[in-house]
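# Coordinates in review
Single-letter residue listing:
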Amino acid sequence: MKKLRFRLEAWLVRGLLVLLRQLPLDFSSWLGGAVMRGIGPLLPAHKVARRNLERAFPEKDNAGIGRILTGMWDNLGRTAGEYPHHVTIAREAGRRVEIRGTDMIEAFAGNPRPAIFVSAHLANWEIMPIVGALHGVYLSSVYRRPNNPYLASVFEDRLTHPQMSLIAKGPSAGRELLRVLKQDRPVAMLIDQKLREGIPVSFFGREAMTPSAFAEFALKLGCDVVPTRIERLGGAHFRLSVLPPIEKPDTGDHAEDVRRLTQAATSVIEEWVRERPAEWFWVHKRWPD
């Protein structure tokens, strides 16, 4: 029964992606946002998002929280509507993606070396590897394998260049990341979601279990940790900002250095979320309580 359900789910998702792919990118993005603005508030995840927002922004009234929730569902719907159009985004990136930090991207392309580009589930977080590939920076992106095995290849469909690759979270992910970095190739990691195997650092004033593997690798290999931000500028238009690498601590205590680097990167992400809260993934149970 479970296998049949997975197959039906996969057919439904693939069929929906095929239909969306027939639409113009801008309309597909708008449609996704419109649908999720209507459906999102009816989902159980809406309560999770509201609770997260009320605790993260206690100074905001109910109307303010409501506006953020509406914007969040719109952004998530647009991101889904843009999913089957990654090739179009890549082709039209010159007019769709404003880039800040082009010199840093070109520096990595001209001098290949191990680097970890860290980001968060903000705006359309798939923009980072798409634009990187256009400038000769081919990222190996870490992702969570779907529970439905028949949907695994859907993730591969988003790759817009043969030198881009995906690394599935799991027992072998660490070895694969180390192998890629030792080959002087960059990786991309989203570090804003709860990870039981992570370490506790402060996020919006509360402890949150946070992925720290990026800090371990950066300290072990001496590679840069590069904060990379995506913002939605309206519709299917974006801004990609590649910031200077985070300074790595050197206290002489490895565990403390890992904690400090993880906290530094998390604090950068918190700043981004505070500036554009409607573009973050509030439906995730980020905190233990």
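Report follows, based on the coordinates. Model, not experiment: these values are computed from the prediction. (Residues numbered from 1 in each chain as written. Predicted model: local features only at pLDDT ≥ 70, side-chain atom pairs only at ≥ 80, totals over all residues. Heavy atoms only, no water.)

## Digging into the overall build of the protein chain
For the protein chain, the count of helices and strands is twelve helices and nine strands. A compact globule built from 289 residues would reach a C-alpha radius of gyration of about 19 Å, and the protein chain, at 19 Å, matches this within 12%. Structurally, the protein chain occupies a C-alpha span of about 50 × 45 × 45 Å along its principal axes. Per-residue burial for the protein chain yields a buried fraction of 48% across its 289 residues. If you take every contact in the protein chain between residues at least 6 apart in sequence, the share linking residues at least 24 apart comes to 76%. (Helix = DSSP H or I, 4+ residues; strand = E, 2+ residues; numbered from the N terminus. Rg over C-alpha atoms; globule rule 2.2 N^0.38 Å. Buried < 20%, exposed > 50% of the residue type's maximum accessible area, 1.4 Å probe, protein only. Contact = heavy atoms within 4.5 Å.)

## Quick notes on helix α3 (residues 44-56)
Taking 1.5 Å of rise per residue, the 13 residues of α3 would be expected to cover 18 Å, and the 19 Å separating its terminal C-alpha atoms lies within 8% of that figure. The complete set of buried residues in α3 reads His46, Ala49, Asn52, Leu53 and Ala56. Down the axis of α3, the sector holding all buried residues measures 130 degrees, keeping them to one side. Turned more than 90 degrees away from the buried face of α3, the exposed residues are Pro44 and Lys47. The elements touched by buried residues of α3 are α4 (62-82), β7 (206-210) and α12 (254-275). (Expected span 1.5 Å × (residues − 1). Arc of directions from axis to C-beta.)

## What about unusual backbone geometry?
One non-glycine residue, Ala123, lies in the positive phi region at around 50 degrees. Residue placement: Ala123 occurs in the loop between β2 (115-119) and α8 (127-134). At Asp184, a residue that is not glycine, the phi angle is positive and equals roughly 60 degrees. The residue Asp184 is located in the loop between α10 (173-182) and β5 (187-190) in this model.

## Some points on the pattern of salt bridges
Applying the stated criterion to the full structure yields 18 salt bridges. In this structure, Arg239 engages Glu98 in a salt bridge whose closest nitrogen and oxygen atoms are separated by 2.9 Å. Placement of the pair is Arg239 in strand β9 (residues 238-242) and Glu98 in strand β1 (residues 97-100), with a sequence separation of 141 residues. Assessed through its relative accessible area of 14%, Arg239 is described here as buried. For Glu98, a relative accessible area of 33% gives the class partly exposed. (Salt bridge = Lys/Arg side-chain N within 4 Å of Asp/Glu carboxyl O.)

## So, the nonpolar core
Residues Met72, Ile116, Met189, Phe204, Phe214 and Trp282 are the most contacted members of the largest nonpolar core, which totals 46 residues. Listing elements by their share of this core, those giving two or more residues are α3, α4, β2, α10, β5, α11 (213-221) and α12. Here Phe214 is in contact with Ile116, Val118, Met189, Ile191, Val225, Leu261, Thr262 and Ala265, once residues within four sequence places are set aside. (Core = buried A, V, L, I, M, F, W, Y, C linked by side-chain atoms within 4.5 Å.)

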